[in-house]
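Structural features, examined
Here's the letter readout for the chains.
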Amino acid sequence: MNKPASVPEQFDAVVVGAGFSGLYMLYRLRQLGLSVKVFDSAGDVGGTWYWNRYPGARCDVPTTDYTFSFDPELEKEWTWSEKYATQPEILEYLRFVADRHELRSDIEFSTAVTAARWDEPAKQWVITTGGGREVRCRHYIMATGCLSVAKSPDIEGAERFAGPVYFTSRWPHEGVDFTGQRVAVIGTGSSGIQSIPLIARQASQLTVFQRTANFSIPAHNGPAPAETLRQLDEGRDAYRDAARWSRGGVPVEPTDVLAGAASEEVRRERFEAAWQQGELFGILNIFADQGVNPAANDIVAEMIREKIRATVNDPETAEALCPRGHYFGTKRPCLDTGYFETFNLPHVRLVDLRKEPIVSITEDGIETAGESFGFDAIVYATGFDAMTGALVGADVTGRDGLTLKDKWVAGPSTYLGLMTTGFPNFFMLTGPGSPSVLSNMAVSIEQHVDWVAGCLKDLRDEGLETIEPTELAEAGWNQHNQDCAAITLHPTANSWYMGANVPGKPRVFLPYIGGVGAYRQACDDVVTQDYLGFTRTGPGAVRCTDGVIRSMQPDVAMVMEFVNALGLPAMETLSAAEARALMAATAEDRPPGPEVGEVTDGVIPGPDGDLPYRLYRPAGPPEGPRPVVVYFHGGGWVLGNLDSDDPLCRDLCARSGAVVVSVNYRHAPEVRFPAAALDAFAAVQWADANAIELGGIPGQLAVAGWSAGANVAAVACQLARDAGGPRITGQLLICPAVDSDLTRPSYEENGDGYILTTALMRWFWDHYADPADRGDPRAAPLRGDLAGLPPACIVAADFDPLRDEGVAYARALEAAAVPVRLTRARGHTHTSVTMVDVVISGAPVRAEMAAALGNFFPAAEPRAHVS
Ligand code: NAP
């Protein structure tokens with residue numbers, strides 16, 4: 001479409017796309033008084049709802065939630081007719097919004113943007129549209145949607161079929177009449193599952209080609225949920241606000257019911273309630289751990305499979321429709337109306353491509369490994385090049401000729417899913433690295449648009465022209481994004497979330513899975529910290545506060561939030577007895593840790609009476625003796641006992657395949673320095689002398705300890721060396737206390753707020769050792785002679801006050817020619833690595849610890865596997 005001559009070819013902003021996000025972006029930019037042009041290749045507004053007109057296309061988030069909230073009057077004027085509105089109704093709604101705010105005057109329809117290039121000297125984007133026309137703008141905003149580029153049919157012979165071919169994502173506007181036709185549908189994702197029951201109503205024969213059976217639950221569509229309407233009536237603003245800060249963009253209270261802890265009756269009750277409710281965020285919230293724990297997930301998955309078997313008459317078809325091979329929720333679950341029932345119709349047939357793959361599409365049908373099918377029409381419901389397809393396909397060239405396609409060759413890299421380094425003033429709405437497709441898109445879109453609008457306003461108000469993320473901030477966000485995904489089951493699936501549906505696409509988890517509220521907080525925090533991680537420039541000005549917005553592991557952050565909410569008293573304000581009682585109470589409900597072969601308690605002779613020990617023997621083969629690890633618990637020489645570190649000892653035992661002997665040494669203030677250290681040394685001597693009785697291999701003896709336990713383990717190594725034995729083959733020191741100097745930077749950086757505080761460390765030292773003794777190497781092993789000590793593995797956690805002394809001990813050992821492996825517990829605190837089955841991100845660190853133990857015992861047998 002040609003532009004009227006009076007409109008300048010220069011805009012403050014160009015937006016691509018006139019769907020939910022493009023429309024709202026236009027509205028907000030206009031409010032700021034900016035000049036805006038929106039381009040869309042479609043003939044009207046609507047975005048995804050303009051194109052996806054296949055029969056049965058509906059929203060699968062309740063439409064009362066999947067709606068704009070920025071205009072309260074609009075909400076009063078528009079009433080959704082159903083819980084899950086149809087595509088025509090949603091399209092009508094977007095047209096209504098465009099009319100109400102007279103948005104069309106700034107939109108050019110049927111106009112594709114073919115290229116965009118950053119002009120550095122002019123600090124502008126040069127946008128090329130279909131006929132080679134160029135427009136210039138300061139800000140370039142992609143509102144192109146996450147699921148807008150259809151995946152091309154990657155099936156042999158696809159171009160040969162002579163009959164009509166339809167894509168669910170580009171359905172003819174006039175509709176299709178399949179009456180009397182033999183129809184093939186390829187694909188059983190949301191689009192296939194929604195359209196199949198309706199195509200079956202017309203077709204004389206319908207054959208569904210299924211590669212992966214999908215989890216789907218009945219939508220139970222009907223009027224808008226009465227409860228939601230009531231809540232909206234009572235307080236629209238509060239309801240919308242709750243959605244904005246929720247996990248998925250719909251106000252759903254996250255459950256704390258763990259599948260393993262619930263009775264069979266409770267499990268079924270919760271499942272049935274979710275099944276009857278027919279909402280995605282309900283079925284994904286039956287158990288708190290179904291997204292992270294395979295066993296919990298299996299419980300839900302099996303209950304869904306039971307429903308499928310109970311619905312589909314033919315047992316073989318039912319079994320083929322039962323999803324297997326991916327965890328429930330790791331591929332986008334579907335909502336359906338009569339999907340599984342459709343396979344009971346006599347003219348509908350399922351072809352399981354896992355058993356009988358497609359060999360080729362032919363002129364008149366489809367040939368599988370076992371059969372030739374004749375068809376009058378083929379429907380492709382084969383999905384999208386999701387999240388990145390529209391962005392890298394748009395020929396975007398940033399600074400120094402870098403194209404987005406080249407930059408993202410190994411997967412997308414963004415800051416907050418909003419921007420990417422090298423592409424100043426280039427914004428993505430609901431881009432990769434933002435919650436987008438894992439959330440109610442309407443809520444995520446409004447949040448992104450509001451953020452971008454706020455950002456452009458701030459730039460203008462401060463006289464700045466450009467904004468671009470720093471490399472550090474972007475790398476930090478990518479890492480955080482992957483950290484969030486890594487604690488879930490999601491990355492295990494071949495899903496479009498992982499880019500796995502498009503041949504050759506890099507496997508990276510694309511959306512942000514940390515939750516809508518958490519994400520919103522991160523975006524807000526970036527702004528309040530003076531646009532942390534962005535460089536902003538203007539005439540004569542460069543402003544940059546560099547940094548990483550989220551560097552703590554997400555599950556550690558959740559634990560910290562939980563602990564802080566408990567409002568526990570600071571330990572250093574308590575007596576030792578009170579502190580011990582508090583520690584025991586907080587440990588009460590934690591998971592027990594993995595099963596091991598055998599656990600036995602006993603006593604060993606200490607320097608001044610018996611010391612209790614607990615022995616953990618690994619399960620399973622091989623029979624016979626194992627290496628022995630003598631372990632010392634944490635607790636600042638004051639707290640802790642055999643129970644406190646029991647899950648960690650089980651974990652170490654199961655992972656390393658060694659016999660672990662956890663020894664309880666004498667505690668301060670009742671018995672002060674050097675009792676704990678002397679007890680530790682005595683325990684090591686005893687374990688060495690009794691290796692055979694313990695089921696150990698003589699000469700294969702290591703020590704391990706956490707915190708103060710690592711302190712006495714390190715001291716025991718020094719004492720053993722000085723005494724000429726026993727021979728210790730390695731020392732695993734987890735977040736060790738190795739010096740009494742509390743002035744290292746980590747005591748300042750991490751001194752407060754991460755459970756172990758600098759004040760508490762001081763309290764521990766005061767209980768344990770007189771100031772005059774604190775320089776003694778038996779209290780501060782860093783000050784000792786380090787030559788000739790056993791090889792070490794030292795774990796140093798980022799958010800630990802003791803981090804720097806752990807690192808210092810590693811450096812000092814290295815300098816003394818002792819082999820050292822320094823393991824960084826990235827994003828962890830002093831305590832989080834030891835939280836077995838609570839902090840999932842600690843598992844890889846513990847796997848490294850076990851591997852280090854394995855290396856101390858070169859001749860040891862293969863280790864048991866713990867995931
Ligand atoms: P999809 O979920 O990616 O499903 C594509 C289907 O086609 C899958 O079953 C896939 O099998 C199959 N397929 C792909 N290539 C194939 C091939 N070469 N041979 C055989 N089968 C092949 O795509 P979609 O159904 O269009 O849905 C995409 C997303 O759009 C949804 O997950 C949802 O987020 C959104 N959506 C939402 C709604 C709604 O709101 N109601 C409706 C439609 C879509 P594999 O699984 O084996 O790859």
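Look above for the structure.
What you see is a predicted model, and the numbers here were worked out from it, not measured in a lab.

Examining the overall build of the chain
Counting secondary structure elements, the chain contains 25 helices and 29 strands. The globule rule puts the C-alpha radius of gyration for 867 residues at 29 Å, and the 31 Å found for the chain is close to it. With the principal axes as the frame, the chain shows a C-alpha extent of 90 × 75 × 55 Å. In the chain, which comprises 867 residues, the proportion classed as buried is 59%. Relative to all contacts within the chain whose residues are 6 or more apart in sequence, the contacts with residues 24 or more apart total 74%. With an accessible surface of roughly 33,300 Å², the chain has 52% of that area assigned to carbon and sulfur atoms. Of the charged side chains in the chain, 73 are positive and 110 negative; the average position of the first set lies 3 Å away from that of the second.

Some points on the packing of helix 20 (residues 675–689) against helix 21 (residues 708–723)
Across the interface, helix 20 lies against helix 21 with an axial gap of 8 Å and an inter-helix angle of 65°. Once helix 20 is placed against helix 21, the crossing between them reads as right-handed. Contacts between helix 20 and helix 21 pair A676, A677, L678, A680, F681 and V684 from the former with V712, V715, A716, L719, A720 and A723 from the latter. Here the residues of the contact of helix 20 with helix 21 sort into twelve nonpolar, no polar and no charged.

Quick word on the site of the ligand
Taken together, the neighbourhood of the ligand is formed by 26 residues, with R58, D154, S191, T212 and K331 sitting nearest. R58 places a polar main-chain atom, nitrogen or oxygen, 2.5 Å from a nitrogen atom of the ligand. Protein contacts shield 90% of the accessible area of the ligand, which totals 900 Å² for the unbound molecule. Looking at the shell around the ligand, the element that brings in the most residues is helix 5 (residues 190–202), giving three residues. Class assignment for the residues of the shell around the ligand results in nine nonpolar, nine polar and eight charged.

Concerning the packing of aromatic side chains
Overall, the coordinates contain 48 aromatic pairs when judged by the stated rule. Ring centres of W637 and W765 lie 4.6 Å apart, and the angle between their planes is 55°; on these two criteria the pair is classed as tilted. Taken together, the positions of W637 in the loop between strand 24 (626–632) and helix 19 (646–656) and W765 in helix 23 (residues 758–768) put the pair 128 residues apart, joining distant regions of the chain. Comparing W637 with W765 shows no difference in burial state: the two are buried. With 6.3 Å between their ring centres and 50° between their planes, W765 and Y768 make a pair best called tilted. Taken together, the residues span about one helical turn, with W765 and Y768 both in helix 23 at a distance of three residues. The exposure class of W765 is buried, given its relative accessible area of 1%. By relative accessible area, Y768 is classed as buried at 1%.

A word on the sheet that holds strand 9 (residues 205–210)
Taken together, five strands build an open sheet; the order of strands is 7-16-8-9-12 and the sheet is parallel. Edge strands, defined here as strands with exactly one partner in the open sheet, are strand 7 (165–167) and strand 12 (348–352). Each strand of the sheet is rotated relative to its neighbour by a mean of 20°, with strand direction disregarded. Contacts from helix 5 reach strand 8 (182–186), strand 9, strand 12 and strand 16 (377–380) within the one sheet, and its direction differs from that of strand 9 by about 160°.

Observations regarding the packing of helix 14 (residues 441–461) against helix 16 (residues 516–528)
The N-to-C vectors of helix 14 and helix 16 enclose an angle of 0°; their axes lie 11 Å apart at closest approach. Judged by the inter-axis angle, helix 14 sits roughly parallel to helix 16. Contact with helix 14, carried on its side by V443, S444, Q447, H448, W451 and D458, involves V516, Y519, R520, C523, V526 and V527 of helix 16 and no other residues of that element. Tallied by class, the residues present in the contact of helix 14 with helix 16 amount to seven nonpolar, three polar and two charged.

Side note on helix 24 (residues 803–815)
For helix 24, built from 13 residues, the straight-helix expectation of 18 Å at 1.5 Å per residue is met to within 8% by its first-to-last C-alpha distance of 19 Å. Those residues of helix 24 hidden inside the fold are in contact with helix 21, strand 27 (730–734), helix 22 (745–749), strand 28 (792–799) and strand 29 (820–829). At the exit of helix 24 stands A817, carrying a positive phi of roughly 65°.

So, the state of the cysteines
Under the criterion given, the structure shown has zero disulfides. With no disulfide of its own, C137 lies closest to C455 among cysteine sulfurs, the gap being 15 Å. Not engaged in a disulfide, the cysteine C146 finds its nearest cysteine sulfur in C523; these two sulfurs lie 14 Å apart.

Details of unusual backbone geometry
Of note, the amide linkage connecting P621 to P622 takes the cis form, showing an omega dihedral of 0°. Structurally, the position occupied by P622 is in the loop between strand 23 (609–617) and strand 24. Looking along the chain, the bond that leaves G725 and enters P726 is cis, with omega of -5°. Tracing the backbone through its elements, the reader meets P726 in the loop between helix 21 and strand 27. Of note, A817 is a non-glycine position whose phi angle comes to about 65°, a positive value. Take A817: it is sitting in the loop between helix 24 and strand 29. Residue class for A817 comes out exposed when judged on its relative accessible area of 68%.

Section: the nonpolar core
By size, the foremost hydrophobic cluster in this structure holds 79 residues, and its most contacted members are L29, L416 and W451. For this core, the elements supplying multiple residues, two or more each, are strand 1 (10–16), helix 1 (20–31), strand 2 (36–39), helix 4 (87–100), helix 14, helix 15 (471–486) and helix 16. Of the residues forming this core, the biggest block, ten residues, is contributed by helix 14. Apart from residues no more than four positions distant in its own chain, W451 is found in contact with L418, F427, C523, V526, V527, Y531 and F534. Core analysis: the second largest hydrophobic core is formed by 67 residues, L694, A713, C717 and A810 among them.

As for the environment of A579
In this fold, A579 is placed in helix 18 (residues 576–586). It is 7.4 Å that separates the C-alpha atoms of A579 and L639, two residues lying 60 residues apart in sequence. Those residues within four positions of A579 in sequence are excluded, and the remaining contacts are M571, L574, L639 and W763.

Criteria and thresholds
Residues numbered from 1 in each chain as written. Predicted model: local features only at pLDDT ≥ 70, side-chain atom pairs only at ≥ 80, totals over all residues. Heavy atoms only, no water. Helix = DSSP H or I, 4+ residues; strand = E, 2+ residues; numbered from the N terminus. Rg over C-alpha atoms; globule rule 2.2 N^0.38 Å. Buried < 20%, exposed > 50% of the residue type's maximum accessible area, 1.4 Å probe, protein only. Contact = heavy atoms within 4.5 Å. Areas by Shrake-Rupley, 256 points an atom, 1.4 Å probe, with all protein chains shown as cover. Lys, Arg positive; Asp, Glu negative; His and termini not counted. Charge placed at Lys NZ, Arg CZ, Asp CG, Glu CD. Axes fitted to C-alpha atoms, helices over the stretch in contact; angles between N-to-C directions. Left-handed = near helix turned anticlockwise from the far one by under 90°. Nonpolar A, V, L, I, M, F, W, Y, C, P; charged D, E, K, R; others polar. Near = heavy atom within 4 Å. Polar contact = N/O pair within 3.5 Å; in protein donor to acceptor, adjacent residues only side chain to side chain. Phe/Tyr/Trp six-rings, centres within 6.5 Å; stacked < 30°, edge-to-face > 60°. Pairing = 2+ DSSP bridges. Parallel < 35°, antiparallel > 145°, perpendicular 65-115°, else oblique. Expected span 1.5 Å × (residues − 1). Disulfide = S-S within 2.5 Å. Core = buried A, V, L, I, M, F, W, Y, C linked by side-chain atoms within 4.5 Å.

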